[in-house]
Amino acid sequence: MKRFCLVVSILLCVGYVACNKVSGPANGKSVQPNNNLDSLVSMSATINADIWHTDSAYGYKVQSSGNDSTVVNLMITAINKNYGNPGSTITFNIDHYTGIAKYNINPPFVKATYFIGNERHFATYGDINITSNSYFALIGTFYFQADSFSINGEFNVAMP
């Protein structure tokens, strides 16, 4: 009976240790915002000689369905809530995203838009240059002209 109690006690201890959750984030690399592992998630730009910066930049991949199931579209959005009274946003949409490349602004396939509040300014020309698409980050530069705004900058978003 002593042996049985000893074996049960040991098994309970082993079970308790095996069920404990490790505290803290995994030791992997990441550029997800607000996870305290990487502070590089951002987009910054110069808009008509004014500095524009945000740390809330997100990338999304949109998978097509049906016959175009291998087609992937990319969307990048960055919001600056502190730029002037109304907030401002920069968005990129790249249809048929293929990876590292220079994507020339060519609506409706490659679009860049600058929002000030609810006012939209669509890019008429420019480019979005994806320079790195590692497992963790999508990094690139951009330049575009939208109405009277000349906008150029860089981004680093989590790989969608």
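Computed from a predicted structure; not experimentally measured.

## Digging into the overall build of the protein chain
A count of helices and strands for the protein chain gives one helix and ten strands. Along the protein chain, from the amino end to the carboxyl end, the secondary structure elements read α-β-β-β-β-β-β-β-β-β-β. Expressed as a percentage of the 160 residues in the protein chain, the buried residues total 35%. In the protein chain, 43% of the contacts between residues at least 6 apart in sequence involve partners at least 24 apart. By element, 56% of the accessible surface of the protein chain is carried by carbon and sulfur atoms, the whole surface being about 10200 Å².

## Quick word on a nonpolar patch on the surface
A surface patch of nonpolar side chains, about 480 Å² in accessible area, is lined by M1, F4, V8 and L12. Inspection of the secondary structure puts F4 in helix α1 (residues 2–19).

## What to know about the nonpolar core
Within the largest apolar cluster, 30 residues are counted, with the highest numbers of intra-cluster contacts made by M43, I90, F92, L138, F144, I151 and F155. Elements with a contribution of two residues or more to this core: β1 (42–47), β4 (72–80), β5 (88–94), β7 (110–116), β8 (119–133), β9 (137–146) and β10 (149–158). Leave out the neighbours within four places in its chain, and F155 touches S42, M43, I76, F92, I128, I130, L138, I139, G140, T141 and F142.

## With respect to the pairing of β7
As defined by bridge partners, β5 adjoins β7 across seven bridges and the pair is classed as antiparallel. When the bridges of β7 are listed, N93 appears paired with K111. Relative to β8, β7 is paired through four bridges, and the arrangement is antiparallel. Opposite I116, over in β8, you have E119 as the bridge partner. From the end of β7 to the start of β8, which pair antiparallel, there are two residues, and G117 there has a positive phi angle of about 65 degrees.

## Thoughts on the pattern of salt bridges
Opposite charge on two side chains makes pairing possible when the charged atoms of those side chains draw close. The final tally for this structure, using the stated rule, is one salt bridge. Of the charged contacts, one joins K102 and D127 as a salt bridge, the two residues approaching to 4.0 Å between their closest N and O atoms. Placement of the pair is K102 in strand β6 (residues 101–104) and D127 in strand β8, with a sequence separation of 25 residues. A residue is classified by how much of its surface remains accessible, and D127, at 18% relative accessible area, is buried.

## Considering the confidence of the model for the protein chain
Confidence in the prediction of the protein chain, expressed as mean pLDDT, is 81, and 75% of residues score 70 or more. Here residues 28–38 scores under 50 on pLDDT; set against residues more than four positions off or in separate chains, the count is 21 contacts.

## Regarding the packing of aromatic side chains
The geometry of an aromatic ring pair is captured by the separation of the ring centres together with the interplanar angle, meaning the angle of the planes. A complete count under the given rule lists eight aromatic pairs for this structure. In textbook terms, an aromatic cluster arises when at least three aromatic residues are bridged by ring pairs, as seen for F92, F142, F144 and F155.

## Considerations on the side chain of S88
Relative to the elements of secondary structure, S88 occurs in strand β5. Judged by relative accessible area, which is 1%, S88 ranks as buried. Polar contacts involving the side chain of S88 include one to the side chain of W52, which spans 2.6 Å.

Cut-offs used in this document
Residues numbered from 1 in each chain as written. Predicted model: local features only at pLDDT ≥ 70, side-chain atom pairs only at ≥ 80, totals over all residues. Heavy atoms only, no water. Helix = DSSP H or I, 4+ residues; strand = E, 2+ residues; numbered from the N terminus. Buried < 20%, exposed > 50% of the residue type's maximum accessible area, 1.4 Å probe, protein only. Contact = heavy atoms within 4.5 Å. Areas by Shrake-Rupley, 256 points an atom, 1.4 Å probe, with all protein chains shown as cover. Patch = residues over 30% accessible without salt bridge, like charges linked within 9 Å, V, L, I, M, F, W, Y side chains within 5 Å. Salt bridge = Lys/Arg side-chain N within 4 Å of Asp/Glu carboxyl O. Core = buried A, V, L, I, M, F, W, Y, C linked by side-chain atoms within 4.5 Å. Pairing = 2+ DSSP bridges. pLDDT = per-residue confidence, 0-100. Phe/Tyr/Trp six-rings, centres within 6.5 Å; stacked < 30°, edge-to-face > 60°. Polar contact = N/O pair within 3.5 Å; in protein donor to acceptor, adjacent residues only side chain to side chain.

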